[in-house]
Amino acid sequence: MSAERALTAFAGFMVLLSVALTVWVHPNFVWFTVFIGANLFQQSFTGFCPATIVLRKVFGFKTEAELARAGK
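Reading the values: rules and limits
- Residues numbered from 1 in each chain as written.
- Predicted model: local features only at pLDDT ≥ 70, side-chain atom pairs only at ≥ 80, totals over all residues.
- Heavy atoms only, no water.
- Buried < 20%, exposed > 50% of the residue type's maximum accessible area, 1.4 Å probe, protein only.
- Helix = DSSP H or I, 4+ residues; strand = E, 2+ residues; numbered from the N terminus.
- Arc of directions from axis to C-beta.
- Contact = heavy atoms within 4.5 Å.
- UniProt positions renumbered as here; feature names shortened; annotations may be inferred.
- Phe/Tyr/Trp six-rings, centres within 6.5 Å; stacked < 30°, edge-to-face > 60°.

As recorded in an unreviewed UniProt entry, the chain goes by Membrane protein and comes from Bowmanella pacifica.

The following block contains the structure:
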């Protein structure tokens, strides 16, 4: 799995988690959902997401470009 796909899966999980926390724990967790959405929005323009750094360094994910180069 590439870092980009892992980031998408992680973001989806975090959105679902934040909605569940909002419903079952406290309504102010909606701000966590807002933070995730804002982070995804800025990432679409800048290409930078802190979660990608963590995914690459801690879990060893490679980018799609790195995987494509390794496959040649």
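Student: Looking at this model, I keep getting lost on helix α3 (residues 50-59). Mind explaining?
Tutor: One full turn of an α-helix is made of 3.6 residues, so residues set three or four places apart face in the same direction. Every buried residue belonging to α3 is among Ala51, Thr52 and Leu55, and all of these are buried. Angularly, the buried residues of α3 cover 105° about the axis, an arc narrow enough to put them on a single face. Facing away from the buried surface of α3 by more than 90 degrees, the exposed residues are Lys57 and Val58. Buried residues along α3 sit against α1 (3-24). A positive backbone phi angle near 75° is found at Gly60, which sits one or two residues after α3.

Student: Can you help me understand the UniProt feature "domain: Inner membrane protein YgaP-like transmembrane" (unreviewed entry) in the chain in this one?
Tutor: The sites that UniProt annotates as "domain: Inner membrane protein YgaP-like transmembrane" (unreviewed entry) are residues 2-56. Between the end C-alpha atoms of residues 2-56 there is a gap of 9 Å, over a span that is 84% helix and 0% strand.

Student: What am I meant to see in the packing of aromatic side chains here?
Tutor: Note on aromatic pairs: each is described by the distance of the centres and the angle between the planes. Counted under the stated rule, the structure contains 1 aromatic pair. Seen from their ring centres, Phe41 and Phe45 are 5.1 Å apart, and the 75° between their planes marks the pair as edge-to-face. Separated by 4 residues within a single helix, Phe41 and Phe45 lie in helix α2 (residues 30-46), roughly one turn from each other. The class for Phe45 is exposed, based on a relative accessible area of 64%.

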